[in-house]
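Residue-level listing of the chains:
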Amino acid sequence: MRAPDASAPPAEPVLSCRGIERSFGGLKALKGVDVDVFKGEIFGLVGPNGSGKTTMVNVMTGFYPAEAGHVRLLGEDVTNLAPHAIAGRGVARTFQNLALFKGMSVLDNILVGRHTHMKPSALATLFYWVWAQREELAHRRIVEEIIDFMQLQDIRDEPVDVIPMGLQKRVELARALVAEPSFLILDEPMAGMNQEEKEYIARFILDARDERGVTILLIEHHMDVVTAICDRVAVLSYGEIIAQGEPRSAIADPKVVKAYLGERAARRHAGVTA
Ligand SMILES: Nc1ncnc2c1ncn2[C@@H]1O[C@H](COP(=O)(O)OP(=O)(O)OP(=O)(O)O)[C@@H](O)[C@H]1O
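Here the structure is a predicted model, which means the values were calculated and not measured. Position labels on residues start from 1 in each chain and follow its written sequence. The model is predicted, so local features are restricted to residues of pLDDT at least 70 and side-chain atom pairs to those at 80 or more, both for listing and for counting; the totals for chains, interfaces and linings are taken over all residues.

### Considering the overall build of the protein
Alright, step 1. Secondary structure elements are defined from DSSP: runs of H or I of at least 4 residues count as helices, runs of E of at least 2 residues count as strands, and each element is numbered from the N terminus. Across its full length, the protein holds 11 helices and 10 strands.
Alright, step 2. Exposed residues have 12 or fewer other C-beta atoms within 10 Å of their own C-beta, buried residues have 20 or more, and residues in between are partly exposed; the C-beta atoms are placed from the backbone. Per-residue burial for the protein yields a buried fraction of 35% across its 274 residues.
Alright, step 3. Taking as baseline every contact in the protein between residues at least 6 positions apart, the subset at least 24 positions apart corresponds to 66%. Think of it this way: build a C-beta for each residue from its backbone, and any pair within 7 Å is a contact.

### Considerations on the site of the ligand
Alright, step 1. Throughout this description, a residue near a molecule or strand is one whose C-beta atom, derived from the backbone, lies within 6 Å of it. In the vicinity of the ligand, the contacting residues are Phe24, Leu27, Ala29, Gly47, Asn49, Gly50, Ser51, Gly52, Lys53, Thr54, Thr55 and Gln96.
Alright, step 2. Where the shell around the ligand is concerned, the elements lending two or more residues are strand 2 (27–37) and helix 1 (53–60).
Alright, step 3. Three residue categories are used. Nonpolar comprises Ala, Val, Leu, Ile, Met, Phe, Trp, Tyr, Cys and Pro, charged comprises Asp, Glu, Lys and Arg, and polar comprises the others, including Gly. Residues belonging to the shell around the ligand are distributed by class as follows: 3 nonpolar, 8 polar and 1 charged.

### Concerning the domain arrangement of the protein
Alright, step 1. With domains assigned, the protein is organised as domain 1 (11–90 + 183–274) and domain 2 (101–180).
Alright, step 2. Each side of the interface is counted separately: domain 1 has 10 residues, and domain 2 has 9 residues.
Alright, step 3. Sorting elements by how many residues they give to the side of domain 1 that touches domain 2 places helix 7 (residues 195–212) first, with 4 residues.
Alright, step 4. The residue makeup of the side of domain 1 that touches domain 2, split by class, is 7 nonpolar, 2 polar and 1 charged. Domain delimitation follows an automatic or database domain assignment.

### So, the packing of helix 6 (residues 165–177) against helix 7
Alright, step 1. All axes here are fitted lines through C-alpha atoms, helices being fitted over the stretch that makes contact, and every angle between N-to-C directions spans 0 to 180 degrees. As a packed pair, helix 6 and helix 7 sit with axes 10 Å apart at the nearest point and diverge in direction by 10 degrees. With respect to each other, helix 6 and helix 7 are oriented roughly parallel. Seen from helix 6, the contacting residues are Gly166, Lys169, Arg170, Leu173 and Leu177; seen from helix 7, they are Glu197, Ile201, Phe204 and Ala208.
Alright, step 2. Looking at the contact of helix 6 with helix 7 residue by residue, the class counts come to 5 nonpolar, 1 polar and 3 charged. Throughout, the term roughly parallel applies to angles under 35 degrees, roughly antiparallel to angles over 145, roughly perpendicular to angles from 65 to 115, and oblique to all others.

### Re the environment of Ile201
Alright, step 1. For Ile201, the location among the structural elements is in helix 7.
Alright, step 2. Spatially, the C-alpha atoms of Ile201 and Val233 are 18 Å apart, while their sequence positions differ by 32 residues.
Alright, step 3. Sequence-distant contacts of Ile201, that is, excluding residues within four places in its chain, are made with Lys169, Arg170, Pro189, Met190 and Met193.

### What about the environment of Glu172?
Alright, step 1. Position of Glu172 among the secondary structure elements: in helix 6.
Alright, step 2. Here the alpha-carbon distance between Glu172 and Ala138, two residues 34 residues apart in the chain, equals 20 Å.

### A word on the sheet that holds strand 1 (residues 15–24)
Alright, step 1. With antiparallel pairing, 4 strands are arranged side by side in an open sheet as 2-1-4-5. Strand pairing shows two members of the sheet lacking a second neighbour, strand 2 and strand 5 (76–77), which therefore form its edges.
Alright, step 2. Examined bridge by bridge, strand 1 and strand 2 share 8 bridges and lie antiparallel to one another. In the sheet register, Ser23 faces strand 2, and the bridge partner there is Lys28.
Alright, step 3. Packing of helix 1 onto the sheet brings it into contact with strand 1, strand 2 and strand 4 (68–73), and relative to strand 1 it is tilted by some 115 degrees. Paired strands, as defined in this entry, are two strands with at least two bridges between them according to DSSP.

### Some remarks on the pairing of strand 9 (residues 232–237)
Alright, step 1. Bridging between strand 3 (residues 42–46) and strand 9 involves 4 bridges; their strand directions are parallel. When the sheet's bridge partners are listed, Gly44 is paired in strand 9 with Val233.
Alright, step 2. Across 5 bridges, the pairing between strand 9 and strand 10 (residues 240–245) is antiparallel. Of the residues in strand 10, the one forming a bridge with Ala234 is Gln244.
Alright, step 3. As consecutive antiparallel partners, strand 9 and strand 10 are separated by 2 residues, and within that stretch Tyr238 has a phi angle of approximately 45 degrees, a positive value.

Here's what the structure looks like:
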């Protein structure tokens, strides 16, 4: 993990959210959430089930409009832009539930991740064999690089639905990385994985940051992973941030213990017997 340079001036956040609100009917899923993610960070967004993590990410990426508040990407106000417009600004994401194209090969699924870089034009179509083929080669190059990086060579031609869940999650991460994002949002990339698969994905996430310079926001329930790889975390509970900062101390905050375990268990945890 990177040691923060105390002498460095405070950097501008890559992503900055202020006062984000979002409701579903009578349910206030987000109640004025502030989050800053800085360049080169692995930032954990954690919290109990239903606390608002995915909703927050959906607002950040334009999938849900915010009812109040602002999202800024490298200083630019991107609040309520369409998902493709936000993706076009270098943001990629994976989804909580796998969103791969069944029946297509691993390679073709990964190639789909290049779509934000594909710019069809009448002229390119006219000179297909010169321009389009050259562009196709460039896309193939980055796809091959990511297949190597994610160690997917052996299964590249397999239909994606026949490979184990752990590998499907890896393909999803590869598809996000071929977009060459500067900011990557991962929604529970380790859900349903065994310990070995979790360790693999944790390694790839660290390498994506360290070797490819990607800033990462990670939604994750496995606290061992969060404390091992995140630089900072924010903890959501009922649509509000209840703790933020260095992972171990944020997770040990009594408000967080209470949110996860409930009032009585939190008091026991704190050694209060009455
Ligand atoms: N499309 C929707 N329609 C109605 N309610 C929704 C919708 N999406 C989320 N919610 C509700 O908003 C609240 C926050 O949900 P969200 O999925 O953001 O939580 P989460 O922290 O990501 O949960 P989990 O860890 O279980 O994925 C929950 O009460 C959920 O039921």
